[in-house]
Amino acid sequence: MTPDAVPLTGPRFRTEPARLYREMRREHGSVVPVLLDGGVPAWLVLGYRELHQVTGDPVLFSRDSELWNQWPNIPADWPLLPMIGHRQPSILYTVGERHRQRAAMISDALEAVDPFELRGHAERFADELIDAVCAAGETDLVAHYAMLLPVRVLARLYGFPDEDGPGLVTALNDMIDGQGRALAGQAHLAASMGQLLADRRREPAGDVVSRMLADAGGFTDEEIAQDLMVMMAAGHQPTADWIGNSLRLMLTDDRFAASLFGGQGSVAEAMNEVLWEDTPTQNVAGRWAARDTHLGGRPVRAGDLLLLGLQGANSDPQVRTDASALTGGNSAHFAFGHGEHRCPFPAQEIAEVIARTGIEVVLDRLPDLDLAVPAESLARRPSPWLGGLTELPVRFTPLPALGGTPR
């Protein structure tokens, strides 16, 4: 690894990640040498073309984490272990035909979700969350809304009791942020998934977990539990951040002022713009080089870890020549990944329904919504992986709760 490697930590991920990626690209090019927690080396792929190459060649750039040449240097309590699994039997690190079979199992289980039922769950939970704050005239739309909505909907789809939601939210956040409680969060999520799996083995129901258990692919309970953890983590936090980042854009960017007043198509436009400009999943770990190669002019050695710089690639000036111009519905972003390990299409649809419903309910219920703090004071979590806000304080005219009355 080069001596000018950039630490993939620090306060700038909270305050100015877009500018940070621009500086990395200007100083190091499209493939940046970086250091993870504990000085562990990796490459961050920021170029759009280079990222397309890495994600489109699963043979040269494998998803098999056992190839990593740094495992001898990784301690057992490394906080990023939940993000970079070692001997983890989940779909994330399965390759070849077995991966395709597991992807089909997950897609089939999610494809069977009734879209009207899904939107109904999202509307009901969203209304309940707004009911809890609407009389106060102010709230934090991240802590008291966006961070609570997706996991409640997903828990219902998967088969969890509603009361499990708060504990799952805490565990997921701890795990994804990659800080001191990451391993504890992973343990809580694993125990919850194991219990749900055992319950559905005894008593199947019409939910996602029961459909996965009924699949004829011969997957073990451990494999299914691992895949459920991946699905929950990938389905909740990025969707929560999609809601928060979209509302931030509508509240702070003049291009989307109409979004706050029911402008035609403006919610969908803002949501798509976020996937380009402020994508919830900034960086993903990753791919591993199966042999020595070159990428973006860098010598990549066999076993090197390549981090997928989704946000950096989306803002590549070779693709976004005018960053101030709206994308007009262009969906050629990397927000959902690319290649055979990209987010399954049914999962994308579920995330979009939850996020769009959540945003529409806020705008419908709180029509005079306004930011309660200066826009420049809004900060993201310190994680380099997910780019969600720590808070989104707003004010509005106090309103009575619906209490279950249809809007």
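The structure we're discussing is the one just above.
Quick caveat, the model's predicted, so the values are computed rather than measured. (Residues numbered from 1 in each chain as written. Predicted model: local features only at pLDDT ≥ 70, side-chain atom pairs only at ≥ 80, totals over all residues. Heavy atoms only, no water.)

(A) How the structure looks around the packing of helix α7 (residues 149–158) against helix α11 (residues 221–252). For the pair α7 and α11, interaxial distance at closest approach is 8 Å and the crossing angle is 145°. α7 and α11 meet at a crossing whose hand is right-handed. Residue-level contacts link Leu 149, Pro 150, Val 151, Leu 154, Ala 155 and Tyr 158 of α7 to Met 231, Met 232, Gly 235, His 236, Thr 239, Ala 240 and Ile 243 of α11. When its residues are assigned to classes, the contact of α7 with α11 shows 10 nonpolar, three polar and no charged. (Axes fitted to C-alpha atoms, helices over the stretch in contact; angles between N-to-C directions. Helix = DSSP H or I, 4+ residues; strand = E, 2+ residues; numbered from the N terminus. Left-handed = near helix turned anticlockwise from the far one by under 90°. Contact = heavy atoms within 4.5 Å. Nonpolar A, V, L, I, M, F, W, Y, C, P; charged D, E, K, R; others polar.)

(B) Region of interest: the sheet that holds strand β10 (residues 370–371). Strand order in this open sheet of three strands is β5-β11-β10, and the pairing throughout is antiparallel. Each edge of the open sheet carries a strand with a single partner, namely β5 (138–140) and β10. Sheet topology note: the β5/strand β11 (residues 393–395) ladder contains three bridges and is antiparallel. The partner of Asp 140 across the bridge, within β11, is Pro 393. (Pairing = 2+ DSSP bridges.)

(C) Structural detail: α7. Extensive coverage of α7 is indicated by the burial of eight of its 10 residues. Buried within α7 we find Leu 149, Pro 150, Val 151, Val 153, Leu 154, Ala 155, Leu 157 and Tyr 158. Gly 159, located one to two residues past α7, shows a positive phi value of around 120°. (Buried < 20%, exposed > 50% of the residue type's maximum accessible area, 1.4 Å probe, protein only.)

Without other data, these values stay purely geometric and don't point to any function.
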